[in-house]
Amino acid sequence: MSSVKHCFVQNGGIKALSDVPCLAFSEFQQYILDAVAQEWRVCSFFGMEMENADNRTGQPLRLIAVLANEAEKRLAVMTTQIEKHFPSFTTAIPQFHMFEREIAEQWGVTPVGHPWLRPARFHESYRKGTDIWPGLPQELFRIEGGEAHEVAVGPIHAGVIEPGHFRFQCHGEKVFHLEISLGYQHRGIEKTLFGGPHKRTAYQMEALAGDTTIGHFLAYCQAMEALQGVKVPPRAHALRAVGLELERLANHTGDLGALGGDVGYLPTSSYCGRIRGDFLNMTALICGSRLGRGFISPRGVRFDLDTPERLEKLCQALARAEKDSNTAIQLLWDSPTVMNRFENTGRVSKETCLALGLVGPTARACGALRDIRHDFPLGHYQTAKFPTEPRHESMTGDVAARALVRWHEMHDSLRFLQELLPNLPAGGIASSATKAAPPLRPNSLVVSLVEGWRGEICHTAITDAKGHFSRYKVVDPSFHNWIALGMALRNQEISDFPLCNKSFNLSYCGFDL
Amino acid sequence: MLKILAARLQQGFRTVDYPEEAPVIPDRLRGLPVIREEQCRKGCQACIEICPTNAIIRDNDLQIDLGRCIFCGACAEACPVKAINFSNDPCLAVSKREDLIIGKSGIKLATEPEQQIFGRSLQFRQVSSGGCNGCEVDINVLTTIVFDLSRFGIKIVASPRHSDGLIITGPITRNMKSATLETFEAVPTPRLVVAVGACAISGGIFRDQTEQNNGITGLLPVDLFIPGCPPHPITILDGLLRLIGRVNS
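Quick caveat, the model's predicted, so the values are computed rather than measured.

Basis of the calculations
Residues numbered from 1 in each chain as written. Chains lettered and ligands numbered in written order. Predicted model: local features only at pLDDT ≥ 70, side-chain atom pairs only at ≥ 80, totals over all residues. Heavy atoms only, no water. Salt bridge = Lys/Arg side-chain N within 4 Å of Asp/Glu carboxyl O. Helix = DSSP H or I, 4+ residues; strand = E, 2+ residues; numbered from the N terminus. Buried < 20%, exposed > 50% of the residue type's maximum accessible area, 1.4 Å probe, protein only. Expected span 1.5 Å × (residues − 1). Contact = heavy atoms within 4.5 Å. 1 Å grid on protein atoms, 1.4 Å probe; cavity = no way out; pocket = protein on both sides within 12 Å on 5 of 7 lines; lining within 4 Å. Points joined across faces, edges and corners; volume = space filled by probe spheres on them. Nonpolar A, V, L, I, M, F, W, Y, C, P; charged D, E, K, R; others polar. Pairing = 2+ DSSP bridges. Axes fitted to C-alpha atoms, helices over the stretch in contact; angles between N-to-C directions. Buried area = accessible area lost by both parts, 1.4 Å probe. Polar contact = N/O pair within 3.5 Å; in protein donor to acceptor, adjacent residues only side chain to side chain. Domains from an automatic or database assignment. Parallel < 35°, antiparallel > 145°, perpendicular 65-115°, else oblique. Left-handed = near helix turned anticlockwise from the far one by under 90°. Patch = residues over 30% accessible without salt bridge, like charges linked within 9 Å, V, L, I, M, F, W, Y side chains within 5 Å. Areas by Shrake-Rupley, 256 points an atom, 1.4 Å probe, with all protein chains shown as cover.

1. Quick look at the pattern of salt bridges
All names here are of chain A.
Piece 1. The tally for this structure, following the rule as stated, stands at 39 salt bridges over all chains.
Piece 2. For Glu-70, the salt bridge identified is with Arg-41, shortest N-O distance 2.7 Å. On the criterion of sequence distance, the pair formed by Glu-70 in the loop between strand E5 (61-69) and strand E6 (74-82) and Arg-41 in strand E4 (residues 41-49) is long-range, its members being 29 residues apart.
Piece 3. Given the relative accessible area of 2%, Arg-41 is considered buried.
Piece 4. Here Glu-49 makes a salt bridge to Arg-127, at a shortest N to O gap of 3.5 Å. Note that Glu-49 is positioned in strand E4 and Arg-127 in the loop between strand E8 (110-112) and strand E9 (148-153), a separation of 78 residues in sequence. Comparing Glu-49 with Arg-127, the two get one shared label, buried.

2. Thoughts on helix H8 (residues 308-334) of chain A
Piece 1. Taking 1.5 Å as the rise per residue, H8 of chain A with 27 residues should run 39 Å; its terminal C-alpha atoms sit 39 Å apart, in good agreement.
Piece 2. Among the residues of H8 of chain A, Arg-310, Leu-314, Leu-318, Ala-321, Asp-324, Ser-325, Ala-328, Ile-329, Leu-331, Leu-332 and Trp-333 of chain A are the ones counted as buried.
Piece 3. Considering only its buried residues, H8 of chain A is in contact with helix H6 (234-262), helix H7 (266-287), helix H9 (336-342) and helix H14 (399-420) of chain A together with helix H1 (2-11) of chain B.

3. So, the layout of surface pockets
Piece 1. In this structure, the largest pocket spans a volume of roughly 1400 Å³.
Piece 2. Lining the largest pocket are 48 residues, and of these Gly-159, Val-160, Ala-258 and Lys-502 of chain A together with Asn-140 of chain B sit closest to its centre.
Piece 3. Listed by contribution, the elements that provide at least two residues to the lining of the largest pocket are E9, strand E10 (165-171), H6, H7 and helix H16 (497-504) of chain A together with helix H4 (134-140) and strand E7 (154-156) of chain B.
Piece 4. Among the residues making up the lining of the largest pocket, the classes are represented as 21 nonpolar, 17 polar and 10 charged.

4. Details of the sheet that holds strand E16 (residues 469-475) of chain A
Residues and elements named next belong to chain A.
Piece 1. If you walk across this open sheet you meet the 4 strands as E2-E14-E15-E16, and the pairing is antiparallel. Each edge of the open sheet carries a strand with a single partner, namely strand E2 (14-16) and E16. Pairwise comparison of adjacent strand axes, ignoring direction, gives a mean angle of 15 degrees for this sheet.
Piece 2. When strand E14 (residues 444-452) meets strand E15 (residues 455-463), the two strands line up antiparallel, connected through 8 bridges. Paired with Gly-452 across the strands is Gly-455, a residue of E15.

5. Here we look at the interface of chain B and chain A
Piece 1. Taken together, the contacts link 61 residues of chain B with 62 residues of chain A.
Piece 2. Between chain B and chain A, the buried area comes to about 5100 Å², and carbon and sulfur atoms account for 52% of it.
Piece 3. Our count for the chain B to chain A interface comes out at 9 salt bridges.
Piece 4. With a shortest N-O distance of 3.1 Å, Arg-290 of chain A and Asp-138 of chain B are connected by a salt bridge.
Piece 5. If you look at where chain B meets chain A, you find 38 residue pairs in polar contact (both at pLDDT 80 or more).
Piece 6. For the side of chain B that touches chain A, the per-class residue count stands at 29 nonpolar, 18 polar and 14 charged.

6. Some thoughts on the domain arrangement of chain A
Residues and elements named next belong to chain A.
Piece 1. Assigned domains within chain A: domain 1 (7-112) and domain 2 (189-512).
Piece 2. Distance from the C-alpha centre of domain 1 to the C-alpha centre of domain 2: 26 Å.
Piece 3. The partner domain 2 presents 40 residues to the 34 residues of domain 1 that form the contact.
Piece 4. In total, about 3000 Å² of surface goes out of reach between domain 1 and domain 2, with carbon and sulfur atoms giving 64% of it.
Piece 5. Of all residues in domain 1, Asn-11, Ile-14 and Arg-41 bury the most surface against domain 2, accounting for 22% of the area lost on that side.
Piece 6. Scanning the region where domain 1 abuts domain 2 turns up 2 salt bridges.
Piece 7. Across the pair Glu-456 and Arg-41 runs a salt bridge, and its minimum N-O distance is 2.5 Å.
Piece 8. Secondary-structure elements contributing two or more residues to the side of domain 1 that touches domain 2 are E2, E4, E5, E6 and helix H2 (97-107).
Piece 9. With 7 residues, the single largest contributor to the side of domain 1 that touches domain 2 is E4.

7. As for the sheet that holds strand E2 (residues 56-58) of chain B
Residues and elements named next belong to chain B.
Piece 1. The 3 strands are arranged E2-E3-E5 in an open sheet whose pairing can be described as antiparallel. If you trace the sheet from one side to the other, it starts and ends with E2 and strand E5 (101-102), each paired once.
Piece 2. Bridge count between strand E3 (residues 62-65) and E5: 2 bridges; the pairing is antiparallel. Within E5, the position partnered with Ile-64 by the bridge is Ile-102.

8. Re the packing of H7 of chain A against H8 of chain A
Residue and element names in this part refer to chain A.
Piece 1. For the pair H7 and H8, interaxial distance at closest approach is 9 Å and the crossing angle is 160 degrees. Relative to H8, the element H7 is oriented roughly antiparallel. Where H7 crosses over H8, the two elements pack in a sense that is left-handed. Residues Pro-267, Thr-268, Tyr-271, Cys-272, Arg-274, Ile-275, Phe-279, Met-282, Leu-285 and Ile-286 of H7 pack against Arg-310, Lys-313, Leu-314, Ala-317, Leu-318, Ala-321, Asp-324, Ser-325, Ala-328, Ile-329, Leu-331 and Leu-332 of H8.
Piece 2. Split into classes, the residues belonging to the contact of H7 with H8 amount to 16 nonpolar, 2 polar and 4 charged.

9. Focus on empty space enclosed by the protein
Piece 1. Taken as a whole and assessed by the stated rule, the structure comprises 13 cavities of 30 Å³ or more.
Piece 2. Each pocket or cavity is described by its volume, and for the largest cavity that value is around 300 Å³.
Piece 3. Along the wall of the largest cavity there are 26 residues; nearest its centre are Ser-289 of chain A together with Ile-70, Phe-71, Cys-229 and Pro-230 of chain B.
Piece 4. The volume enclosed by the second largest cavity comes to roughly 110 Å³.

10. Comments concerning a nonpolar patch on the surface
Piece 1. Taken together, the side chains of Met-1, Leu-2 and Leu-5 of chain B make up a nonpolar region of the molecular surface, amounting to roughly 390 Å² of accessible area.
Piece 2. Considering the arrangement of structural elements, one finds Leu-2 of chain B in helix H1.

So this is what it looks like as structure tokens:
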């Protein structure tokens, strides 16, 4: 890919908006097609309104694409401008499918030729009167035939779980197709960010997905620090990594336990339910909140491991949780009945994974080595190379592989924390800049990536001439990965749905925003 | 089999003794705020200005609406004279919305309803209605062996038809409103509603956004309010136990 007509960016680096070229659509299209052919993938693709336009309706829409290439370790941003329609990329490049549905819903423009153009979240267009689905709700995909039947699940599910609607097209027990229809948790977060940051913005960024509080808020802080020119001290970077890895450990433990529960194997499920809480309590030991609310700030972190006692307590808790999780989770691999249910269930092939642009442990379980900590490291991960070995290459893409990847990642995180905690960098925990937040640099763009426990979190911030957000775009890993659950269920028995679902454990609110 | 037994031995017994014994609470937990009215400087607006959810009220007295408070601690940090402090006291559940507005005299915690109909068996259906999954996480852990909710006769069940009430989280999004209300209708009477978290009580950090309904408070009668963002599991457990008269003090 030639670098003439797009612009390379760094994770957490700032770019003047004028350095990002705006291509004619045909050029833009050709660049994207060429790039994806050369193994670039889509991190984010979204619309924003052109600035200084008096008449909001009917004005052109700017489309921005953020692409990544792990092999070259490069991020690129490209933009173009469209009117009311643009030719859809989805048929040629399936990983655009949900981004185009989102753009259509948010801005009332039509990606022409999109194979399945339905609303992503069921809300009105940001531009009044431009909705392209005036007669909501829309029909779901349906298979016709005497022996085909459909099963509808949700939005109210059986457990303590967020709402979403699942529609299965079945033949007997066999699932031909699963369509996932979300939007029930839509709180309108992105819409409130225009003209931000506002007083509530930081708190909403912590609540994009409660189980990924640190991951999402770290992405926001990285973007803000780039825009404000704030330098974060090394100790704060290290403590942020501690928070992020504890979040990963808690969620991976909980999910491995729940996978045991879904195949009726109770020892692992009951132990892991508790051990997950032990990891959450470690975060609470540092900052008072089990989910890490208020732990970090756009200047550093707000809480320090200030005393030797606190550090010692954390190290001891970590050692105990490691021992407990080792015995609890080892039971899974030692139990033939469990492995029999995990293996060859809910398989997603590497080809499917690459075509759909999957991220995180889901992608790694298919053998696609994508990890922000390794490919686009920022903060503490720049200095301490995260131990992400390319050992997952033979991963089979089934429930067993997704479970095993989580287990490997737990070991990586535990080892990382055990090495880091006794050697935390000395010094302050927050930038010594004046307490009042510095203004954001105007007319700039920042792409901020974090490897959350579900995978790549991508925040893109663009400021206007006054230094306010003219667009702030959030992509939760679930946005890429929900379709993988649908693919995993094809030709599976419907009774395997809970097991497959838990092996991904995707976020409803992170998708719905 | 032997491996399972060995693991069982290694894991040990790990259920907390609450309410018989005081729970172990992290020292940095931001729980019940303590207001020292006498220290508050006249004319100072620092806490009111910084609060992201307009939870601080300053008429004659300095008060905090815990139904709106997200326990971020920004007010305590902003106050030049430390008139607001967050203790790590996790007991916050109240029976009436107005009891969430606390001043210097502290909090009036929930008490057992006068007509107790759900003594030793209480089943709840949980509905997440725009919750960020934070409150759900801390409700879910109550069913783990650490808190072991079922030893009190309280269970979280799959069907509203099998339940005695709803535990509601989230600001009630527009897209979930009808499903939430229909779920309530499916619960046989008499029935309870428990609102968990700032979102369910007041809309929290999403208050007044058009995509939501400022919580369940204006839509259904609520029997127990458990504030927090999210509340600590002990806060939720304590609230539920007050509902069945197992905790009174």
